[in-house]
Amino acid sequence: MKELEDRIRQDGIVREGNVLKVDSFLNHKCDVALYDQMGAEWARLFEGKKVDKILTIESSGIGIACVAATHFHNAPVVFARKTESKNLDGEQYRTQIKSYTKGRTYEVIVAKRFLERGEHVIILDDFLAMGCALNGLLEICEEAGVVVEGIGIAIEKGFQPGGKSLRERGYQVESLAIVSGMNAETGEIDFA
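Model, not experiment: these values are computed from the prediction.

### Comments concerning the environment of Gly163
And step 1. Within the secondary structure, Gly163 sits in helix H5 (residues 162-168).
And step 2. Once the C-alpha coordinates of Gly163 and Thr95 are considered, the two residues, 68 residues apart in sequence, prove to be 20 Å apart.
And step 3. Beyond its immediate sequence surroundings of up to four residues, Gly163 is in contact with Leu128, Ala129 and Glu156.

Dropping the structure here:
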């Protein structure tokens, strides 16, 4: 998606260790108009798919998923929590995911009452690199017995194995910007 690639070139910051910082518009300060364009593009890419719910993970996926949901007939958004809460009650799906950016492992949780067997979901998230977060969400989907219609990603690091692995497993992965390379010294970002 040209608008997203242009914004990454304009405002993205490349850090050592293949870290792409896009917090000025995507996952700290939120450009809602850009989110809306992203949602429209995912709706086009997943046209004809049945979508009962959108699944994401806290925290940066929530805003993107909520705005995108308006392009999927206002499908409810369910997010996997990364922290325990007194508000989490009843039976839950749980899995472990590793965050390379944060350097730690999280237990993620979804209340069973929010994913019903046979429902059709689209998974949306801000980044795809190694695929750990998405694999965790897919485990939850499998345990819940829901049908994953597709996976929408804002920014995929195409030089890391997550996207390739998911596509080889048969998932329709639609990344709006695929970064093919980054240079922390020059700040240069290349797209596939």
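### So, the state of the cysteines
And step 1. In total, this model carries zero disulfides according to the counting rule given.
And step 2. Of all cysteine sulfurs in the structure, the one in Cys141 sits closest to Cys132, which takes part in no disulfide; the separation is 16 Å.
And step 3. Overall, Cys132 belongs to the partly exposed group, its relative accessible area being 23%.
And step 4. Overall, Cys141 belongs to the buried group, its relative accessible area being 1%.

### Brief notes about the side chain of Asp31
And step 1. Tracing the backbone shows Asp31 in the loop between strand S2 (19-21) and helix H2 (32-45).
And step 2. A polar atom in the side chain of Asp31 sits 2.4 Å from the side chain of Arg7.
And step 3. In this structure, Asp31 is in contact with Arg7 and Phe25, ignoring residues within four places of it in sequence.

### Some words on the layout of surface pockets
And step 1. Of the volumes computed, that of the largest pocket is approximately 910 Å³.
And step 2. Forming the walls of the largest pocket are 33 residues, and the residues nearest its centre are Ser99, Thr101, Lys102, Asp126 and Phe127.
And step 3. The element that contributes the greatest number of residues to the lining of the largest pocket is strand S7 (residues 120-128), accounting for four residues.
And step 4. Classifying every residue of the lining of the largest pocket by side-chain character gives 14 nonpolar, nine polar and ten charged.
And step 5. Only strand S4 (77-80) and strand S6 (104-111) provide two or more residues apiece to the lining of the second largest pocket.
And step 6. A breakdown of the residues in the lining of the second largest pocket according to their chemical character gives eight nonpolar, one polar and three charged.

### A word on the sheet that holds S7
And step 1. Read from one edge of the open sheet, six strands run S4-S3-S7-S8-S9-S10, paired in mixed fashion. For this open sheet the edge positions go to S4 and strand S10 (189-191), each flanked by a neighbour on one side alone. Between one strand axis and the next, the sheet turns by 30 degrees as a mean value, whatever way the strands run.
And step 2. Across eight bridges, the pairing between S7 and strand S8 (residues 147-157) is parallel. Within the sheet, the bridge partner assigned to Asp125 lies in S8 and is Ile153.
And step 3. Against the sheet, H2 engages S7, S8 and strand S9 (173-182), with an angle of about 115 degrees to S9.
And step 4. Contacting strand S3 (53-57), S4 and S7, helix H3 (residues 60-69) runs over the sheet at an angle of about 160 degrees to S3.

### Comments concerning the packing of aromatic side chains
And step 1. Summed over all chains, the structure comprises zero aromatic pairs.
And step 2. Sitting above the plane of the Tyr106 ring, Lys82 keeps its charged end 4.9 Å from the centroid.

### Structural notes on the nonpolar core
And step 1. In this structure, Leu4, Ile8, Leu20, Leu26, Met38, Trp42 and Ile155 are the most contacted members of the largest nonpolar core, which totals 33 residues.
And step 2. Setting aside its immediate chain neighbours within four residues, Met38 contacts Met1, Leu26, Ile64, Ala154 and Leu176.
And step 3. In terms of nonpolar packing, the next biggest core, distinct from the first, is built from 25 residues, Val78, Tyr106, Leu134 and Val146 among them.

Rules used in this analysis
Residues numbered from 1 in each chain as written. Predicted model: local features only at pLDDT ≥ 70, side-chain atom pairs only at ≥ 80, totals over all residues. Heavy atoms only, no water. Helix = DSSP H or I, 4+ residues; strand = E, 2+ residues; numbered from the N terminus. Contact = heavy atoms within 4.5 Å. Disulfide = S-S within 2.5 Å. Buried < 20%, exposed > 50% of the residue type's maximum accessible area, 1.4 Å probe, protein only. Polar contact = N/O pair within 3.5 Å; in protein donor to acceptor, adjacent residues only side chain to side chain. 1 Å grid on protein atoms, 1.4 Å probe; cavity = no way out; pocket = protein on both sides within 12 Å on 5 of 7 lines; lining within 4 Å. Points joined across faces, edges and corners; volume = space filled by probe spheres on them. Nonpolar A, V, L, I, M, F, W, Y, C, P; charged D, E, K, R; others polar. Pairing = 2+ DSSP bridges. Axes fitted to C-alpha atoms, helices over the stretch in contact; angles between N-to-C directions. Phe/Tyr/Trp six-rings, centres within 6.5 Å; stacked < 30°, edge-to-face > 60°. Lys NZ or Arg CZ within 6 Å of the ring centre and 35° of its normal. Core = buried A, V, L, I, M, F, W, Y, C linked by side-chain atoms within 4.5 Å.

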